[in-house]
Amino acid sequence: MNGGFYLLPPSASDAAARYDILMLAEFLLTGFVALAVAFLIVYFSVRYRRDSGADRSAAPVRGRRLEIAWTVIPLLLFLCAFAWAAYDYAQLHRERPDATPVFVVAKQWMWKLEHTNGRREIDELHLPLGQPVRLVMTSQDVIHSFYVPAFRIKQDVVPGRYTTISFTPTEAGEFHLFCAEYCGTEHAAMRGRVVVMRPDQFAAWLQQGNASEGMAARGFELYRRYGCSGCHEAQSSVHAPDLHGLLGRTVHLQDGRTLVADEAYVRDSVLLPKKDVVAGYEPIMPSFAGQIGEEDLLAIIEYLRSTGGGDARTGH
Amino acid sequence: MHARVTEQAGGDYLSDGYSLRSWLTTRDHKRIAWLYLVSITAFFFVGGAAATLIRIELATPQGDLVSSDTYNRLFTAHGVIMVWLFLIPSIPSALGNFLMPMMIGARDLAFPRLNLASWYFYLCGGIFTLAALIAGGVDTGWTFYTPFSTMFSNSHVILAITGVFIVGFSSILTGLNFIVTVHTMRAPGMTWFRLPLFVWANYATSVILVLATPVLAMTLLLLAAERLLHVGIFDPALGGDPLLFQHLFWFYSHPAVYIMVLPAMGVASEIIPCFARKHVFGYRFMAYAILGIATIGFLVWGHHMFVSGQSVYASMVFSILSFLVAIPSAIKVFNWTATLYKGRITFSAPMLYALGFVGLFTIGGLTGLVLASLALDVHLTDTYFVIAHFHYIMVGGSVMAYFGGLHFWWPKMTGRMYPEMWGRAAAVLIFFGFNLTFFPQYLLGYGGMPRRYHSYPPEFQVLNILSSAGAAILAAGYLLPLGYLLWSLFYGKRAGPNPWHATGLEWQTASPPPRRNFEATPTVTREAYMYDPVTGRESPQ
Ligand code: HEM
Ligand SMILES: [Cu+2]
C-alpha cells in the first residue's frame, strides 16, 4: 500500500468496513442535499434573472408548511444518522473479553508497544489477522493520538490516564500508523506502520526477538518489589483486598458506586488510592505517584490479568 | 421610511477632520469601523502570508522548505491571527460598527468612547501577538492544548496568550455596546421584528461574545498560571487534568465559530433580498434560527473531543446536540434559496459573493454533519477533512460574506463605486480558487492525512499539489479587491445615496453619511426588505 496515489484508503478492519458504508450513506444524503440546493440556486438564478419575462406576481414571503417540512424532515434524517453513527462508535468502545491486549506508551516522538509475552517494538505494531485486539494506551508527556487510517480508528493517548480501543484487523498487509494529535516539533515524524500477519506467521514472529520472561512475569516481580504483595497477599496481616482475578470483576466502592475493574481503575488505585476506595476497607493505601512509571504499571496490570478472573484473556 | 436625502450642509463623516489625531481620537462609530477595517485587513494579509508558506511547503512530501519547528510556528501564527485577529472581529467590528447604528436609525453606538477603547484593546492585543511572532513565534497551534503548551513548548506562549487575552476585552466591550445600543437606541417604530437580519445576527453574536469570552480569558489565565507557577491544573504530572483544558477551551471556541458565522449569515440576508428584489423568505423563522443557533451553539463543545477519552455517553449527547444545531443552519440555507424564487435577480458583485457564501457554507455545513457522526469523526477528526470543513465554513462562509458585505456597503462607506467588472471577476476567481484549494483536502482527510503535518507519505502528494495550486489562485483573488477598492477611493464614480435601490434605513441618508448619520431621526413604519419583484422597485406600502 505504500507509494502511488489512492483516493480511498484501504479498508482493513471490522470498523473500517462498517464506517465506509455509513460514510457512503451520508455522502449520498449530503451530496443529494448539496446538489438540490445548488440546482435550485442555479435554476432560480437563470429563470428569474432580471431580464427574463418570468411571472413574478404573488411571490411568497413565507410558507409555514414548507418551513415546517424542511425543519422536520432533516430532523428525522439527522436522528437516523446520529443513531447509526453512535451505534458504530459504541462498538469501538465495547469491552471485548476475547481481545488480546497490546500496551502502547507514547512519547515525544515515538510509539513504544509491548505484547503480553514481553516482546516490544518501536514505531511498529505486528498484529495477527482476524483476531480482536485491545490497545491500552498512555503517554509519558503530552497528548498524542493513535491513528491507523486503514482501520478507521483513532484514539487520543493522554498522559495521566489509560485510553483503550478495540478492533479486529481483517486484511493482511502494512498500514500507516500516525500520530494525529499535534505533539510538538517532530509530530509529523511520529509515524510508524502496522503489520498484519497470518496468525501462524504472527505466532512465529512473536517468539522471535528479545526473549524476555514476559510482561506478566516482569509484573509479578515488580508487584513484589514495590511491596504490593505485602498487603494484598492472602496471608498478609494488613486488611487489603485480594487482587487475584481483579480485572473484569465488579467492584463495590465505599461511596456506593460500583464499577468494573479495568486497566484505568488499577492505575488510579495505585496512583490515586483515595479516588475509588473499595467498600469495607480503610483508605490506608499509600499513593505510588512518582514512584512507579507507566511501563511498570502496565506490567503489573498484566500480572494481575494473568491471575485469572472474568477478564482473563491471555496466556503468557 | 422615506427620510428625504439632501446634500449635507455640515459635510460627511470623512471630512470631519483629516489629521491622524482626529482619526485616532474619534468617537464616531463610522470612523472606528475604518480603524478596524484597516487593521483587520493588515492582519488578514499577514495570516494569508503564513498560509501561503504552509501551502508551498506542502507541495512536496518532504519537509524541505522550512524546518519542522518553523512549520509549526507558521500554522500557529496562521491560526491565531486568522481566528482572533481576523474572523472574530471582521464582520461585527468593522461592518457592524459602521452599520448597526444606521440600520436602527441611531446616531451612534450607546457608548462611543468605549467603542474607541475596544479598538485600542484590539490593536494592543494584536501587537502582543505580532511581538510573539517577531520574537520567534509560538508552536502550540491556535488551540494551545495542554500539557504541551504549559510544560513542553519552549516558544513564546505567554506573549501570544497575552495578546489573545487582551483582544478578548475588545470582543466583550463591543458586544456589550451592541447589546445596549439595540435595546435602547432604536428609532421610533423600529420594533424587534422590523430589525434587519444583520442586526439580529450581530445582536445574537454580541450575546455570545459577552457570555463566552470571559471563559476564554479565565482559561488563558489558568494556562499562564500553570506555565509560570507550575500549579497543577492541567498537567497530570502535577495532579491536573489535560482534558479540563479542552473542555474550557472549546466552551469558548465552539461558540466562537458561531461568532464568525452568524454575522456572515446576517450579511447574506441583506444582500440576497436586495439583488433578488424580494422580501426575505420567512423573516421570522430566519430571526428565530439565529437565536436557535446562538443558544444550542453553547452546548456542543464536546464534539471536538470525541476521541479525547471523554466518556462514550458524553460523546453521544454532544453528537446529538450537534445534529440539532445544524437544523437552524439548514433552515437558513433553504430560506435564502426560497428568497430567490420569483425574484428579479441581478448578479452584481455583492450578490455573487453572497451566493458563493451560500454554496460554500452549505458544503461546509453538510460535512459538519459527517463530523458530528460519532463513528465517522473517529476516522476524520484531526485530519485534513476537518481542515477542509472549517475552511469551507469560516473562509468560504465568513470571508466570502465579509467580502460581499464590503462590496455591498462600500458605496455607502466611501461614496464611491468600484469597477463592477473587477468586482465580479474577483468573486468568481475566489470561488474557483477556494474550491480548488479546499475540496482536495476532503479527499486527503478521508485518505487519512493528519493535520499539522509538515511532511507526509508520498501518496498524498497529488491532492496536495492541487490544493497548493488552488491557493495561488485564491491568493490572487484576495489581492484583487485590495487593488480596485483602493483605486475606487480616488477614481470611482460617485455612488449617490442608494445605488442598489435598497430599502434599509442606512440607505436613506447620504453616502458617505453625515457625521450624525441622519439629518433628522427617521421614523420607521414598516418591515425591512420591502422589495417588489414585479417592478423591481421598493414595494409601495
Ligand atoms: C489562501 C488561503 C488559505 C490557505 C491556503 C490556508 C491553508 C491552511 C492550511 C494548510 C492549514 C492547516 C495547517 C495544518 O494543520 O497543518 C490551515 C489552518 C488554518 N486556517 Fe487556513 N488557509 C487559508 C486561509 C485561511 C483563512 C482566510 C482563514 C481564516 C479567516 C484560515 C483559518 C485557518 C485556521 C483557524 C487554521 C487552523 C490552524 C491550526 O491548525 O492551528 N485560513 N490553513
Ligand atoms: Cu505525537
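Residues numbered from 1 in each chain as written. Chains lettered and ligands numbered in written order. Predicted model: local features only at pLDDT ≥ 70, side-chain atom pairs only at ≥ 80, totals over all residues. Heavy atoms only, no water.

### What to know about the coordination of the iron atom of ligand 1
Residues and elements named next belong to chain B. What counts here: For Na, K and Ca the donor cut-off is 3.2 Å; for every other metal, N, O and S atoms count as donors within 2.8 Å. Water does not enter the count, which can leave sites looking incomplete. Any coordination sphere not matching a tetrahedral pattern (four donors, all angles between 85 and 135 degrees) or a square planar or octahedral pattern (four or six donors, opposite donors over 155 degrees apart, other angles between 65 and 115) is reported as irregular. Under the scheme used here, helices are H or I runs from DSSP no shorter than 4 residues and strands are E runs no shorter than 2 residues, and both carry numbers assigned from the N terminus. Classification of residues uses two cut-offs on accessible area relative to the type maximum, computed with a 1.4 Å probe and protein chains only: under 20% is buried, over 50% is exposed, and between them is partly exposed.
Coordination of the iron atom of ligand 1 by the protein is provided by His78 (NE2) and His391 (NE2), with metal-donor distances spanning 2.0 to 2.1 Å. Classification of the site at the iron atom of ligand 1 as octahedral follows from its six donor atoms and the range of 84 to 179 degrees in their angles at the metal. Here His391 lies in helix 13 (residues 384-414) and His78 lies in helix 3 (residues 68-103), a separation of 313 residues in the sequence. Each member of the pair, His78 together with His391, is buried.

### Thoughts on the packing of helix 6 (residues 157-184) of chain B against helix 7 (residues 197-229) of chain B
All names here are of chain B. Heads up, the rule is: Only the stretch in contact is used when a helix axis is fitted, and all axes are lines through C-alpha atoms; the angle between N-to-C directions ranges over 0 to 180 degrees. Relative orientations are named as follows: roughly parallel for angles under 35 degrees, roughly antiparallel for angles over 145 degrees, roughly perpendicular for angles from 65 to 115 degrees, and oblique for any other angle. Take the far helix as the reference: if the near one is turned anticlockwise from it by less than a right angle, the crossing is left-handed, and if turned clockwise, right-handed. Polar here means any residue other than Ala, Val, Leu, Ile, Met, Phe, Trp, Tyr, Cys and Pro, which are nonpolar, and Asp, Glu, Lys and Arg, which are charged; Gly is therefore polar.
Contact pair helix 6 / helix 7: the axes reach a minimum separation of 8 Å and the direction vectors enclose 155 degrees. The orientation of helix 6 relative to helix 7 falls into the category roughly antiparallel. Along this stretch, helix 6 crosses helix 7, giving a crossing that reads as left-handed. Here the residues of the contact of helix 6 with helix 7 sort into 23 nonpolar, seven polar and one charged.

### Some details on the pairing of strand 4 (residues 124-128) of chain A
All names here are of chain A. Convention followed: One bridge is not enough; two strands pair if DSSP finds at least two bridges between them.
In terms of burial, strand 4 is a largely internal element, four of the five residues being buried. With five bridges joining them, strand 4 and strand 10 (residues 192-197) adopt parallel strand pairing. The partner of Pro128 across the bridge, within strand 10, is Met197.

### Notes on the site of ligand 1
Residues and elements named next belong to chain B. Stated precisely, the cut-off is as follows: We call a residue near a given molecule or strand whenever any one of its heavy atoms falls within 4 Å of it. Polar contacts, as counted here, are pairs of nitrogen or oxygen atoms within 3.5 Å of one another; within protein the pair requires one atom able to donate a hydrogen and one able to accept it, and residues that are adjacent in sequence qualify only if both atoms are side-chain atoms.
Contacts to ligand 1 come from 25 residues, most closely from Tyr71, His78, Trp142, His391 and Arg452. Interatomic distance of 3.0 Å between a side-chain N/O atom of Tyr71 and an oxygen atom of ligand 1. The contact in question runs from a nitrogen atom of ligand 1 to an N or O atom on the side chain of His391, over 2.7 Å. The set of elements that each furnish at least two residues to the shell around ligand 1 consists of helix 2 (29-57), helix 3, helix 13 and helix 15 (461-491).

### Remarks on the coordination of the copper ion (ligand 2)
All names here are of chain A. For the copper ion (ligand 2), every protein donor is listed as His144 (ND1), Cys179 (SG), Cys183 (SG) and Met190 (SD), and the spread of their distances is 2.1 to 2.6 Å. If you look at the copper ion (ligand 2), its four donor atoms make angles of 88 to 126 degrees with each other, and the shape they trace is tetrahedral. All donor residues of the copper ion (ligand 2) come from one chain, and their arrangement in sequence is H-x34-C-x3-C-x6-M. A single burial state applies to Cys179 and to Cys183, both of which are buried.

### Considering the pairing of strand 6 (residues 144-148) of chain A
All names here are of chain A. Among the five residues that make up strand 6, five are buried, leaving the element largely enclosed by the rest of the structure. Residues His144, Phe146 and Val148 of strand 6 are buried on one face, and the alternating residues Ser145 and Tyr147, pointing to the opposite face, are buried as well. Relative to strand 7 (residues 153-157), strand 6 is paired through five bridges, and the arrangement is antiparallel. Looking across to strand 7, one finds that Tyr147 is bridged to Lys154. Between strand 6 and the antiparallel strand that follows it, strand 7, lie four residues; Arg152 among them carries a positive phi value of about 60 degrees.

### Observations concerning the packing of aromatic side chains
To keep it simple, the criterion reads: Side-chain rings of Phe, Tyr and Trp, where Trp is taken by its six-membered ring, are said to pair if the distance between their centres is within 6.5 Å; with planes under 30 degrees apart they count as stacked, over 60 as edge-to-face, and otherwise as tilted. In this analysis the charged atom, NZ for Lys or CZ for Arg, is taken to sit over a ring once it is within 6 Å of the ring centre and within 35 degrees of the ring normal.
For the structure shown, the criterion picks out 68 aromatic pairs over all chains. Here the aromatic rings of Trp487 of chain B and Tyr491 of chain B are separated by 5.6 Å at their centres, their planes lie at 45 degrees, and the arrangement is tilted. Remark: Tyr491 of chain B and Trp487 of chain B occur in helix 15; sequence separation between them is four residues, near one turn of the helix. According to the relative accessible area criterion, Trp487 of chain B is partly exposed, its value standing at 40%. Members of the aromatic cluster, connected to one another through ring pairs, are Trp84, Trp142, Phe144, Tyr145, Phe234, Phe245, Phe249 and Trp250 of chain B. Its end group placed over the ring of Trp205 of chain A, Arg119 of chain A keeps NZ or CZ at 4.0 Å from the ring centre. For Arg284 of chain B, the ring lying beneath its charged end belongs to Phe193 of chain B, and the centroid distance is 3.9 Å.

### Focus: the sheet that holds strand 6 of chain A
All names here are of chain A. Note the threshold: Two residues qualify as a contact provided that any one of their heavy atoms is within 4.5 Å of a heavy atom in the partner residue.
Pairing is mixed in the open sheet, where five strands are placed in the order 4-10-9-6-7. Of all the strands in the sheet, the pair left with one neighbour each is strand 4 and strand 7. Neighbour to neighbour, the strand axes of the sheet diverge by 20 degrees on average, direction disregarded. Against the sheet, helix 3 (residues 199-207) contacts strand 4 and strand 10, and its axis sits at roughly 130 degrees relative to strand 4.

### A word on the side chain of Glu270 of chain B
Residues and elements named next belong to chain B. Examined against the element boundaries, Glu270 turns out to sit in helix 8 (residues 242-276). A polar contact of 3.1 Å, which involves the side chain of Glu270, links it to the backbone nitrogen of Phe198. Excluding residues within four positions of it along the chain, Glu270 makes contact with Met103, Pro196, Leu197, Phe198, Phe408, Trp409 and Tyr529.

### With respect to the interface of chain B and chain A
Selection rule: By buried area we mean how much accessible surface two parts lose on assembly, using a 1.4 Å probe and totalling the loss over both. Any Lys or Arg side-chain nitrogen found within 4 Å of a carboxyl oxygen on Asp or Glu counts as a salt bridge.
Contact with chain B, which involves 87 residues of that partner, is made by 81 residues of chain A. Between chain B and chain A the total buried area reaches about 7300 Å² when both faces are included, carbon and sulfur atoms providing 70% of it. In terms of surface lost to chain A, no three residues of chain B exceed Lys342, Tyr446 and Glu459 of chain B, which account for 10% of the buried area on that side. Between the two partners, chain B and chain A, sit one salt bridge. Arg161 of chain A is the partner of Asp241 of chain B in a salt bridge, and the nearest nitrogen-oxygen pair spans 3.2 Å. Taken together, chain B and chain A are joined by 25 residue pairs in polar contact (both at pLDDT 80 or more). Going through the elements one at a time, helix 3, helix 5 (148-152), helix 8, helix 10 (312-340), helix 11 (349-372), helix 12 (374-380), helix 14 (420-447) and helix 15 of chain B are the ones with two or more residues in the side of chain B that touches chain A. The element contributing the most residues to the side of chain B that touches chain A is helix 10 of chain B, with 16 residues. Its residues assigned to classes, the side of chain B that touches chain A comprises 50 nonpolar, 26 polar and eleven charged.

### Regarding the environment of Glu270 of chain B
Taking the relative accessible area as the measure of exposure, Glu270 of chain B reaches 7% and is therefore buried. C-alpha of Glu270 of chain B to C-alpha of Met413 of chain B: the two residues are 143 residues apart in sequence and 16 Å apart in space.

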